[in-house]
Amino acid sequence: MTRNGVEVRPLTGALGAEIFGVGLRSASNEAWDAIHRAFLDHRVLAIPDQELTPDDLMAVGRRFGEPSYYPFVEGIEGYPFIFEIVKEPHEKQNFGGTWHSDTTYLPKPPLATILHALETPTHGGDTLFADTQLAYEGLSEGMRAMLDGLVAINSAGL
């Protein structure tokens, strides 16, 4: 589907889309409207071939809301909201360690996380996503009734 010059190609039936036909550094407000609609519809967006500076990343992030500090890693110089994830070949543990949901333990979690990959391995190194709303909707009525009313606690501790 193409809207305002932005092509949206779903990645799976459940989650994710690729965006083509737009440079994030110079996108019009109309293009941003299409990107935002795609985000609401698909929840995860992959927008390849973007050369973005830290200032560009901040501008892109602000299109989705106010930036949020990540409390466990210091930002790069001059950009406290941006930090590098670097994994050297000898390192065995991935960043984040296990399945997690970025910063949902904060009093006001951010709407989204931006990952701007500059270098990726030829294989492995996968980042996976899950649609928990869709998973809940797929449960039987009995299972949903059992879960409704329960309270979850998000914590940064193990």
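Structural data are supplied above this passage.
These lines cover the structure that appears in this document, whether it is placed above or below.

Conventions and cut-offs
- Residues numbered from 1 in each chain as written.
- Predicted model: local features only at pLDDT ≥ 70, side-chain atom pairs only at ≥ 80, totals over all residues.
- Heavy atoms only, no water.
- Helix = DSSP H or I, 4+ residues; strand = E, 2+ residues; numbered from the N terminus.
- Buried < 20%, exposed > 50% of the residue type's maximum accessible area, 1.4 Å probe, protein only.
- Contact = heavy atoms within 4.5 Å.
- Pairing = 2+ DSSP bridges.
- Axes fitted to C-alpha atoms, helices over the stretch in contact; angles between N-to-C directions.
- Core = buried A, V, L, I, M, F, W, Y, C linked by side-chain atoms within 4.5 Å.
- Patch = residues over 30% accessible without salt bridge, like charges linked within 9 Å, V, L, I, M, F, W, Y side chains within 5 Å.
- Areas by Shrake-Rupley, 256 points an atom, 1.4 Å probe, with all protein chains shown as cover.
- Salt bridge = Lys/Arg side-chain N within 4 Å of Asp/Glu carboxyl O.

Bringing the overall build of the chain into the picture now. Looking only at helices and strands, one finds four helices and four strands in the chain. Taken from the N to the C terminus, the helices and strands of the chain come in the order β-β-β-α-β-α-α-α. Based on the C-alpha atoms only, the size of the chain along its principal axes is roughly 50 × 40 × 35 Å. Going through the 158 residues of the chain one by one, you find that 18% of them count as buried. Within the chain, contacts between residues at least 6 apart in sequence are counted, and of these 58% link residues at least 24 apart.

What follows covers the sheet that holds strand S4 (residues 45–46). One open sheet holds the four strands; their spatial order is S1-S2-S3-S4, and the pairing between them is mixed. Both edges of this open sheet fall to strand S1 (2–3) and S4, since each of them pairs with a single strand only. Bridging between strand S2 (residues 6–10) and strand S3 (residues 17–20) involves four bridges; their strand directions are antiparallel. Looking at the pairing, proline 10 lines up with alanine 17 of S3. On top of the sheet, helix H1 (residues 29–42) reaches S1, S2, S3 and S4; it is set at about 10° to S2, its chief contact.

Take the nonpolar core next. Grouped together as the largest cluster of nonpolar side chains are 19 residues, with contacts concentrated most on Val6, Ile19, Val22, Trp32 and Ile35. Considering each element in turn, this core owes the most residues, six residues, to H1. Once residues lying within four places of it in the same chain are set aside, the contact partners of valine 6 are Met1, Ile19, Phe20, Val22, Ala31, Ala34 and Ile35.

In this section: the pairing of S2. Inspection of the sheet shows S1 paired to S2 by two bridges, in the antiparallel sense. Paired with threonine 2 across the bridge in S2 is glutamate 7. Here S2 folds back onto S3, and the loop between the two strands holds six residues, one of which, glycine 16, carries a positive phi near 95°.

Among the surface-exposed residues, Tyr136, Met143, Met146, Leu147 and Leu150 lie close enough to one another that they form a single nonpolar patch of about 470 Å² accessible area. With three residues, helix H4 (residues 141–147) is the single largest residue contributor to the nonpolar patch. Mapping leucine 147 onto the fold places it in helix H4. Given a relative accessible area of 32%, leucine 147 falls into the partly exposed group.

This part is about unusual backbone geometry. Of note in the backbone geometry, arginine 43 takes a positive phi value of approximately 70° without being a glycine. Along the chain, arginine 43 falls in the loop between H1 and S4. You can call arginine 43 partly exposed: its relative accessible area is 38%. Backbone geometry places aspartate 49, a non-glycine residue, at a positive phi of 60°. Mapped onto the fold, aspartate 49 is located in the loop between S4 and helix H2 (54–62). The class of aspartate 49 is exposed, set by a relative accessible area of 78%.

On the secondary structure map, glutamate 77 appears in the loop between H2 and helix H3 (132–137). Residues glutamate 77 and leucine 118, spaced 41 residues apart in sequence, show a C-alpha to C-alpha distance of 18 Å.

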